[in-house]
Amino acid sequence: MEHWNSTLGSGFILMGILNNSLSPELICATITVLYMLALTSNGLLLLAITMDARLHVPMYLLLGQLSLMDLLFTSVVTPKAFMDFLLRENTISFGGCALQMFLALTLGGAEDLLLAFMAYDRYVAICHPLNYMVLMRPRVCWLMVATSWVLASLSALGHTLYTMHFPFCMSQISHLLCEIPPLLKLACADTSRYELMVYVTGVTFLLLPLSAIVSSYTLILLTVLHMPSNEGRQKALVTCSSHLTVVGMFYGAATFMYVLPSSLHSPKQDNIISVFYTIVTPALNPLIYSLRNKEVMGALRRVLGKCIL
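Each value, and the rule that gives it
- Residues numbered from 1 in each chain as written.
- Predicted model: local features only at pLDDT ≥ 70, side-chain atom pairs only at ≥ 80, totals over all residues.
- Heavy atoms only, no water.
- UniProt positions renumbered as here; feature names shortened; annotations may be inferred.
- Helix = DSSP H or I, 4+ residues; strand = E, 2+ residues; numbered from the N terminus.
- Rg over C-alpha atoms; globule rule 2.2 N^0.38 Å.
- Contact = heavy atoms within 4.5 Å.
- Areas by Shrake-Rupley, 256 points an atom, 1.4 Å probe, with all protein chains shown as cover.
- Lys, Arg positive; Asp, Glu negative; His and termini not counted.
- Charge placed at Lys NZ, Arg CZ, Asp CG, Glu CD.
- Disulfide = S-S within 2.5 Å.
- Buried < 20%, exposed > 50% of the residue type's maximum accessible area, 1.4 Å probe, protein only.
- Core = buried A, V, L, I, M, F, W, Y, C linked by side-chain atoms within 4.5 Å.
- 1 Å grid on protein atoms, 1.4 Å probe; cavity = no way out; pocket = protein on both sides within 12 Å on 5 of 7 lines; lining within 4 Å.
- Points joined across faces, edges and corners; volume = space filled by probe spheres on them.
- Nonpolar A, V, L, I, M, F, W, Y, C, P; charged D, E, K, R; others polar.

With an unreviewed UniProt entry as reference, the protein is termed G-protein coupled receptors family 1 profile domain-containing protein, source organism Rangifer tarandus platyrhynchus. Looking at the Subcellular location (unreviewed entry) heading of the UniProt record, one finds this comment for the protein: "Cell membrane". What UniProt states about the protein under its Function (unreviewed entry) heading is, verbatim, "Putative odorant or sperm cell receptor."

Okay, structure coming up:
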């Protein structure tokens with residue numbers, strides 16, 4: 001088969017969910033509303049955490065980083081998909097595709113690791129409250145944040161460079177964005193070894209942090225059940241249930257995309273899953289964390305009150 005010219009001067013055609021649906025206008029409107037919700041809710045949460053001194057504690061430092069990652073993650077994908085639909089122009093350059101893949105993998109990987117660090121933060125706060133400010137001092141928190149960003153960036157860079165070095169036979173990507181699984185389907189060369197490496201990396205990056213999260217919350221649950229105070233027990237359960245909801249949404253979608261064998265994937269399913277973790281989850285995360293959190297809602301009222309005055 002003759003290779004399609006996949007040089008830096010060539011481009012791909014993104015055929016995402018907006019191009020293959022029966023009601024593209026309705027889906028486009030829904031995606032636009034979710035994107036605006038993600039921008040507003042994550043922006044307000046970041047504003048509250050930055051401006052209110054009462055939220056300058058480890059838990060909210062990590063939550064602020066999660067909001068930043070969600071804000072950037074959805075902005076890497078949604079505006080491009082929206083403008084492509086309006087302009088009927090679905091092309092993306094070779095370099096643009098590589099950049100989008102790198103940013104999406106970096107932000108997804110960083111969020112994956114950060115959620116594990118957030119679970120550790122809750123474990124220390126509930127199971128070792130007297131040592132909390134020692135074990136979660138600012139230097140440790142910033143080290144967790146830096147570790148999430150650096151490890152995710154290095155992994156994303158390696159995967160992006162290796163994925164984009166393949167010769168491609170076709171230019172049409174049946175997906176919302178440039179990601180590894182749909183791009184490998186266009187490759188002319190044998191990608192079986194690399195697909196195995198992607199699987200191993202996916203297991204490492206997803207299941208190891210998930211195991212740490214499950215272990216942390218198992219220990220938290222055992223501690224909470226022995227709490228004498230009903231108020232303390234309820235507060236701990238509310239905080240942890242919010243985090244577990246976010247963990248379930250993120251890891252469920254990411255596991256489907258990067259851990260399940262490619263034989264179990266279909267373009268339609270992959271498009272739905274990609275919309276879920278790039279658009280829906282970033283819009284819902286800040287609502288899940290803030291609506292049931294009196295400290296965050298109080299901080300938002302104080303900050304917005306100052307801005308209005």
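Caption draft 1: View of the overall build of the protein. The secondary structure content of the protein amounts to 10 helices and three strands. Relative to the compact-globule value of 19 Å for 309 residues, the protein shows a C-alpha radius of gyration of 21 Å, a close match. Along the longest, intermediate and shortest principal axes, the C-alpha atoms of the protein span 70 × 45 × 35 Å. Across the protein, contacts joining residues at least 24 apart in sequence account for 78% of those joining residues at least 6 apart. Accessible area for the protein stands at about 15,200 Å²; split by element, carbon and sulfur atoms hold 70% of it. Between the mean site of the 16 positive side-chain charges and the mean site of the 15 negative ones, the protein shows a separation of 14 Å.

Caption draft 2: How the structure looks around the UniProt feature "transmembrane region" (unreviewed entry) in the protein. Sites flagged by UniProt as "transmembrane region" (unreviewed entry) map to residues 24–47, 59–78, 98–120, 140–162, 196–224, 236–260 and 272–291. End C-alpha atoms of residues 24–47 are separated by 34 Å, and the span's content is 100% helix alongside 0% strand. Secondary structure within residues 98–120 divides into 100% helix and 0% strand; the distance between the first and last C-alpha atoms comes to 33 Å.

Caption draft 3: Representation of the state of the cysteines within the structure. In the structure shown here, the tally under the stated rule is two disulfides. Here Cys 97 engages in a disulfide with Cys 178; their sulfurs sit 2.1 Å apart. Given an S-S torsion of about -120°, the disulfide between Cys 97 and Cys 178 has left-handed geometry. Of this pair, Cys 97 sits in helix α3 (residues 94–127) while Cys 178 sits in the loop between β3 (172–173) and α6 (180–184), and the two are 81 residues apart along the sequence. There is no split in this pair, since Cys 97 and Cys 178 are both buried. Here Cys 169 engages in a disulfide with Cys 188; their sulfurs sit 1.6 Å apart. Taken together, the positions of Cys 169 in the loop between α5 (138–164) and β3 and Cys 188 in the loop between α6 and α7 (192–225) put the pair 19 residues apart, joining distant regions of the chain.

Caption draft 4: Fine view of the nonpolar core. Of all hydrophobic cores here, the largest spans 89 residues; its most connected members are Phe 12, Leu 115 and Leu 183. Those residues in contact with Leu 115, other than ones at most four positions away along the chain, are Leu 66, Ile 213, His 243, Val 246, Val 247, Phe 250 and Tyr 251.

Caption draft 5: Layout of empty space enclosed by the protein. Applying the stated criterion across every chain, the model contains four cavities of 30 Å³ or more. Considered as a void within the structure, the largest cavity measures approximately 370 Å³ in volume. Taken together, 22 residues form the lining of the largest cavity, with Leu 105, Gly 108, Gly 109, Phe 205 and Tyr 258 sitting closest to its centre. When contributions to the lining of the largest cavity are tallied by element, the ones reaching two or more residues are α3, α5, α7 and α8 (230–258). A class-by-class count of the residues in the lining of the largest cavity yields 14 nonpolar, six polar and two charged.

Caption draft 6: Structural view of the side chain of Gln 100. Within the fold, Gln 100 resides in helix α3. Its relative accessible area of 5% is what places Gln 100 among the buried residues. When neighbours within four sequence positions are excluded, Gln 100 is seen to be in contact with Leu 14, Val 76, Val 77, Lys 80, Ile 92, Leu 177 and Cys 178.

Caption draft 7: Seen up close, the layout of surface pockets. Its boundaries defined by the atoms lining it, the largest pocket holds a volume of some 640 Å³. Along the wall of the largest pocket there are 22 residues; nearest its centre are Lys 235, Ala 236, Thr 239, Asn 293 and Glu 295. Among the elements of the structure, α2 (58–87), α3, α8 and α10 (294–308) are those that each provide at least two residues to the lining of the largest pocket. Sort the elements by how many residues they give to the lining of the largest pocket and α8 lands first, with eight residues. Counted by class, the lining of the largest pocket contains 10 nonpolar, five polar and seven charged residues.

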